[in-house]
Structure formats: structure tokens, C-alpha cells
Number of protein chains: 2
Amino acid sequence: MPSSPIRKLVPFAESAKKKGTRIYHLNIGQPDIETPEVMLQAVRAYAEKVVAYSHSAGKETYREKIVRYYEGLGLKIKTDDIIVTAGASEAISFTMNSCLDAGDELIVPEPFYANYNGFSVAAGVQVIPVTSHIEDGFALPAIKDFELLINERTKGIMICNPSNPTGYVYSRQELQTLREIVLKHDLFLFVDEVYREFCYDGREHVSVLSLSDLEQHVVVFDSISKRYSACGARIGYMISRNAELIETAMKFAQARLSPPGFGQVAAEACLEVPKEYLQDVLSEYNDRRQTLVEELRKIPGVICPEPGGAFYAFAQLPVEDSEHFCRWLLEEFSFEGATVMLAPGSGFYASQGLGKNQVRIAYVLNSEDLRAAMRCLKQALEVYASSVEEKGIEKTSG
Amino acid sequence: MPSSPIRKLVPFAESAKKKGTRIYHLNIGQPDIETPEVMLQAVRAYAEKVVAYSHSAGKETYREKIVRYYEGLGLKIKTDDIIVTAGASEAISFTMNSCLDAGDELIVPEPFYANYNGFSVAAGVQVIPVTSHIEDGFALPAIKDFELLINERTKGIMICNPSNPTGYVYSRQELQTLREIVLKHDLFLFVDEVYREFCYDGREHVSVLSLSDLEQHVVVFDSISKRYSACGARIGYMISRNAELIETAMKFAQARLSPPGFGQVAAEACLEVPKEYLQDVLSEYNDRRQTLVEELRKIPGVICPEPGGAFYAFAQLPVEDSEHFCRWLLEEFSFEGATVMLAPGSGFYASQGLGKNQVRIAYVLNSEDLRAAMRCLKQALEVYASSVEEKGIEKTSG
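Owing to the predicted nature of the structure, the values given are computational and were not obtained by experimental measurement.

Undergrad: Just checking my understanding: could you explain the environment of Ser-163 of chain B for this structure?
TA: All names here are of chain B. When you line up the elements, Ser-163 lands in the loop between strand S5 (154-160) and helix H7 (172-185). Sequence separation of Ser-163 and Lys-19 is 144 residues, and the distance between their C-alpha atoms is 35 Å. Beyond its immediate sequence surroundings of up to four residues, Ser-163 is in contact with Tyr-168, Ala-310 and Tyr-312. Polar contacts involving the side chain of Ser-163 include one to the side chain of Thr-166, which spans 3.0 Å.

What follows is the structure, encoded as C-alpha cells:
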């Protein structure tokens, strides 16, 4: 399994820190938003004497609360449709292991969340990319692009909606298109909906669970990590109305005994989180998004489609090799004592050579820091351009 | 992946409970021992505002404490040799995925912990059993038995020491034998040492980390689950001095982002657990062990080697098919309003047909309940024998 370009940057960030340079971390999806107090309070009030295994599918009481959360979204699921997991990560692993055999293929629009690669390697599954394009804001590729890739080894399609890394929110029409492909070719449809609550400008999030006739095809991945800024609790879950699929996934769930116990206690308090919490968080991210896009678009040569959801923007920079540029930012550049850490775009593509002038920017800092980070980036791009011209600096990244 | 015989019993246990029958649960390794107060207190004092991802290898501060715990055992490891995981389960998964390719073989003495099957299926690894025998207390099989199984696909040997399910504690001599096999054939040696602290009658636990020249070969699995009765926290770890192996395993660790956060907070308090805690727990388990073995040996036709460690006994019963008997115990039997739930032996063997008259008994109940459970079992075996004779009851289990 190859190292991701993001990971390769870590040692350079360490050395920048050692030099006393402040780093604006826009490279990872770790929000600075506070976890709801009611969830932390639930953990602080832990009263059990023995920290025992929970049910392998997760605490029954927690699964009932998940059912109620989905009821609130107008979606009907049962506790038996849910397996609680160590983050959405484990849900993806269980699903790949349950639905695909080694050598089977899964079509995924690229750029996609780089960690999907890790789970597919572990499951022996081939991720087959279908390329989406910055020109149309990373919309769903055309149906013919999917059909060109479908063969007897193809077992499913996986999307992230809203998308990490592009922030794209799939329309009802696009999901209907996927529904048709899936029914026509009898495929699974895996949808990562962990950013569901983060849709901006009145965009509607359409859950794949609301589409008809897909009971046997759909698995949804969900998590408290981003919604409630509780990444470290490691609580996610998979949902499927396909009983046979759940039965198979339960065998993997049973092998690892149970999901994290304390995290489930925190997660179970989700329903008590005041409505205002998510409204405030959404409003905060929306401000940051507008700030980021506005500032980015002021920089000559930068192209940034407006992200409709999640908390990422995927932008094109006026550089040839963003991996080299991102390393240079950490190794050689600082402006007013600070620099910026971004995620090189190529790490989100499976197709060789794509995304080389792109970066993912996570807007997980407050608007003031974002503005400072963008001033820093603007300055950096100017210096970088002249360095490249003047010194012909080494472009091959390690 | 086939359902384990233990899992198959669950619905019958449910129906026994519905009839109001008390069940003595000796089927699973969920102790009734209280988690140390200092660990619970650490979680209750959680003061972070954002429940953030930890390092993918686990909190640096926690890994330092693991290093100090091992120092206390006279074993020298570094924080970089450790990856903290969601229970030892995830450590086993990472290790299998890192060290073996699909189709590779791992030799495991049987009977073995049934969940190893789940992890090997997920990793595409073939578990090749080498049979140990009740007659010699499930000692390490002869070296020739191992060598008969070694071929070009063999990549490693895995043992559990002290053993779940047999309670066997491997001697220094046996570990030296394994060391020789491993060096001669250049194999990995994976050792599950989660029951390390539970050795009775002055038996010494020899960690495989203390053997020379095995730095490149050994991975140890460890966990707080049993030691501190904190199964639900889901905190374990893998240890290896093989830097390349750790580097590969880290890619799987990074794909799932981080181990459970709150669980790490509890785990980090381990070093503050008073020495008396483990001494008391050991003494309690030792009492139970003696009670169990004494009572079991009073039952005609029962053979039970003395378990030297962990909290399991693996016994032979005077029945033809323990899977049927265990189901019958739940479905049809009760004595003084109670029955016993045991784990059928066959589930711990990979070889077809072995262990059919054996059961694993976890002594996770207090001595009084254990005595009552054994009276119940004695009575049950009598009734069962006469039912079989009289009615010729159906012996094929579901």
C-alpha cells in the first residue's frame, strides 16, 4: 500500500514547527468546533462498574436512537438494519469484506477520500476510478463513463455525498441516474453520508435511503465524527435494509467483539444535542466557506468551484506539481512567521497523473485564520513562481 | 464465513431467558470483575473540549506508559514499536494484513480462539491447524507436527499464551522450540499475550519478547480488556521491533485514522492502578479455577486438564456431541430454575470432527455461582444420558 501524499508531508511539517513557523493546518478534516457539551457530560457521568462488551452490532439503546434520528430525516430504518462501528472507517471495511470478494471491482468517482484505498487493499478489492472534473464542479460523471467500466467483476459503486474531498452535493437527478445504473447491472451502491448535515445555500441533501427499490443494493455509512466534532470517539455505523448483507457483516462485527464502549455513551447523547448546535455549526462552516472561496478567487491563477457541502474545497493552483509546492510551503516558505499545509490533489485520484495542480483545502479554521492563511498562500504562490523561474528548483517530490 | 457454534446458541439462550430460566454464562470471556476505579475516574475527568483524532498509532503519552509497563516486566520496547488498536482484535487484523498475502498460510495450534478465523477470512489468510491434545493438557504439539505442515506458503505461526481456550501456559522450553522453528524456516511468530498476568501456582509467564534473535519475527498482541476487566473500552495494541512491519501496519492504522479516544484515556490510567488490584484479581480467578476444576472432576466421565493460566478450562464431557448438548441445556433443561451456557469445543478446532465431546468453560462467575453451575451441569449430564438412552433424541445440531 503506497503512502499518501498527505502522509509524506508530515516530516516536513515537523521540521517547519521546529523552526518556529506557525502552520495553518488546512490539510486534514479535524474540525476545531467544540463537541456538544451534552455528549461529553454523558461520558463524564459514566456509572457502570464493569466496562463490558456491548452487543457486536452496538448498544440496542443507541441503535434505537439512530432509528429516531433517521425518523427525523423522514427515513424509516430498523435497529436490525444498523451495525455500529469504530468510525465510518470500520463500516466501510465490513461492507467491502461482506459484499466483494478479492479481485472484485468497485467503481468510485475520483477525486475520492484517499483512505478508501486502504480499506480496498485490505479487502483485496480493486477500486476503479471514474473521473469527475473541476470544470463542472466535480459533478457525477456521465452514465456512459460508468458503463464503459462495468464488467463481470464489477460489484458496486461507491460515492461520498456531500463529497470529501470536493464538497460536491449530488442532486436528486444524479442519484436517480446512479439508481438506474445499479438496478440495470445489479450492483451494490455504497454511500458515505457522514457530511449529510453540512449542505449550504439551501441545497437539499438527498439520502440514498430515500430512493425506491434499492433495499437490496444500498449501504449507507454514517458517523458522529464530523457532525458532532467527535472524531476521536470513533463511532460510526453502517445501514442496510438487505438482511443477508447485514447477517454477513455481523460475522465480521462479531469477530472484533464490539464497537468502542465509551464512544457509544457519548454518541447515545446525540439526540439531546440542542437543534441550535448544528444550526450554529452549519452557519460557522458556511461563513468559512464563503471566506475561503472569496479569498481563493482573489489569487491569480486559482480556480475553485464553489463547494456545496462538507467542509472541503478542491482547487486548482497555478503550479505544475502541487505535491512539490505543498512540500516547499513547509520546507522553505514562511510569511509573517507562518505557512500553510494543504493536501496535494494527486492523492485523491487513482488515475496516474491526475490532480497534479490541484489541492484539497479543509476549512476547519475560523474565518480570521482562513483569511491569514489565504494571504499567506497568495504570497507563497508569487514567491514560488519566481523561485521556479529564477532557480529552476527541483520539481520531483520524494 | 461460517457462524461459530457459540453464536448459534444465542437464540436458544434468548428463549431460555424468556421462560424465566436463569443462565450461568460460562460461554464467553466477559469477566464480572470491576474495572479499576482509577481508570473510570480518568474517563469521568475528561476535560478536552474537542474529541479529536489521536495519533494513528495511539496517543504518544499512552504509548510511553505501555513502554513503562513493559519495563516493569523486564522487557525493553520503544514507543515506535507499538501501535494502539481497537482491542487486540484490530492488532491481529493489522498484523495479518501486513505480514501475509491472500493465500498465505499461518499455522495455529488448535483448539484456538475462534475469532482468529474471522480475521484470517478477512485477510484472505489460510489458518492451518496443528492439533494439541487433551491427554497432555494441550501442550505445544511436537516439532515434527509443525514441520510436516510447513511449505512455501507458510508465513508464520500464531499462539495464545496463556491460551484461550485451554488455559495452557507455554513453558520457556516450548517457546525455545518455537523460536528454533521460526528461525530455521524464516517465519513470523505472532503471540497473543493478553492473559499474561493470569498465571497460577507460581507458573512463570515467558513473553516471546524476551527471546533472543526474534526482533524481525515477533509480533505480540496485548490488551487492557481482560487484565483490567475493560473489554468494552476496546483498547489493545501490537508490539514489534521489526520497523518495516510496523511501517506497513501503520498504513492500515492510518486508513482507520485513530484508535478509540475515550478508551485510551482509561487505558492511560493503567499505571496508576494499585498493585493490589491485579493481585486480588489473580487470587479471585485462582479460587474460581480451583473450585471449577474440583467440581468438574467430581462429575463422572468428565476429563479436565488443570488450566495453568487465563480464565478458561477446556474439558471433555461424557457426551457424543457437545454442540447438541449445549443447545439442549438451553432448550430443554433446567435445575432449580437455572441452566448453564457453555461454548461447544468444535468451534475452537479447524480440523473437522475434533472437539465434538469437549467444551470451553470460562470461569468468569464467582465461586458460589460456579459451584451452583457445576451442580446444574452434573444433574444435566445425568438427565441427558438417560434422555439419549430412552428417547434416542435427535443428535444433529442446527
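Undergrad: Is there a simple way to think about the sheet that holds strand S8 (residues 236-239) of chain A in this case?
TA: All names here are of chain A. With respect to topology, seven strands assemble into an open sheet ordered S2-S8-S7-S6-S5-S3-S4, the strand pairing being mixed. If you trace the sheet from one side to the other, it starts and ends with strand S2 (82-85) and strand S4 (126-131), each paired once. Taken pair by pair, the neighbouring strands of this sheet meet at an average axis angle of 25°, ignoring direction. Pairing of strand S6 (residues 188-192) with strand S7 (residues 218-223), which is carried by four bridges, proceeds in the parallel orientation. Across the sheet, the residue bridging to Leu-189 is Val-218, located in S7. Sitting on the sheet, helix H8 (residues 243-255) is in contact with S2, S6, S7 and S8, with an inclination near 25° to S2.

Undergrad: How should I be thinking about the pattern of salt bridges in this particular structure?
TA: Here the idea is simple: oppositely charged side chains can pair when their charged atoms come close. Under the defined criterion, the tally for this structure stands at 56 salt bridges over all chains. Between Lys-17 of chain A and Glu-14 of chain A there is a salt bridge whose closest N-O contact spans 3.9 Å. Of this pair, Lys-17 of chain A and Glu-14 of chain A both sit in helix H1 (residues 5-18), three residues apart, which is roughly one turn of that helix. Judged by relative accessible area, Glu-14 of chain A falls into the partly exposed class, the value being 40%. A salt bridge links Glu-331 of chain B to Arg-327 of chain B, with the nearest nitrogen and oxygen atoms 3.5 Å apart.

Undergrad: I'm lost on the packing of aromatic side chains in this one. Help?
TA: The description of an aromatic ring pair rests on the distance of the ring centres and on the angle between the ring planes. Going through the model one piece at a time under the given rule, you end up with 48 aromatic pairs over all chains. Between Trp-328 of chain A and Phe-333 of chain A the ring centres are 5.3 Å apart and the planes differ by 25°, which places this aromatic pair in the stacked class. Take Trp-328 of chain A and Phe-333 of chain A: they sit in the same class, and that class is buried. Seen in terms of ring centroids, Phe-188 of chain B and Phe-190 of chain B are 5.9 Å apart; in terms of plane orientation they differ by 20°. Their pairing is stacked. On the basis of relative accessibility, which here comes to 1%, the residue Phe-190 of chain B falls in the buried class. Among the aromatic residues, ring-to-ring pairing joins Tyr-195, Phe-198, Tyr-285, Phe-311, Tyr-312 and Tyr-363 of chain A into one connected group.

Undergrad: Honestly, the interface of chain A and chain B in this entry has me stumped. Any pointers?
TA: Size of an interface, as often reported, equals the accessible area lost when the parts are brought together. Chain A puts 49 residues into the contact, and the matching count from chain B is 49 residues. Both sides of the chain A and chain B interface together cover about 4,100 Å² of buried area, and 59% of this is carbon and sulfur. At the boundary of chain A with chain B, the tally comes to zero salt bridges. Connecting chain A to chain B are 22 residue pairs in polar contact (both at pLDDT 80 or more). Secondary-structure elements contributing two or more residues to the side of chain A that touches chain B are helix H2 (37-44), helix H4 (87-99), helix H5 (116-123), H8 and helix H9 (261-268) of chain A. Here the residues of the side of chain A that touches chain B are counted per class, giving 24 nonpolar, 15 polar and ten charged.

Rules used in this analysis
Residues numbered from 1 in each chain as written. Chains lettered and ligands numbered in written order. Predicted model: local features only at pLDDT ≥ 70, side-chain atom pairs only at ≥ 80, totals over all residues. Heavy atoms only, no water. Helix = DSSP H or I, 4+ residues; strand = E, 2+ residues; numbered from the N terminus. Contact = heavy atoms within 4.5 Å. Polar contact = N/O pair within 3.5 Å; in protein donor to acceptor, adjacent residues only side chain to side chain. Pairing = 2+ DSSP bridges. Axes fitted to C-alpha atoms, helices over the stretch in contact; angles between N-to-C directions. Salt bridge = Lys/Arg side-chain N within 4 Å of Asp/Glu carboxyl O. Buried < 20%, exposed > 50% of the residue type's maximum accessible area, 1.4 Å probe, protein only. Phe/Tyr/Trp six-rings, centres within 6.5 Å; stacked < 30°, edge-to-face > 60°. Buried area = accessible area lost by both parts, 1.4 Å probe. Nonpolar A, V, L, I, M, F, W, Y, C, P; charged D, E, K, R; others polar.

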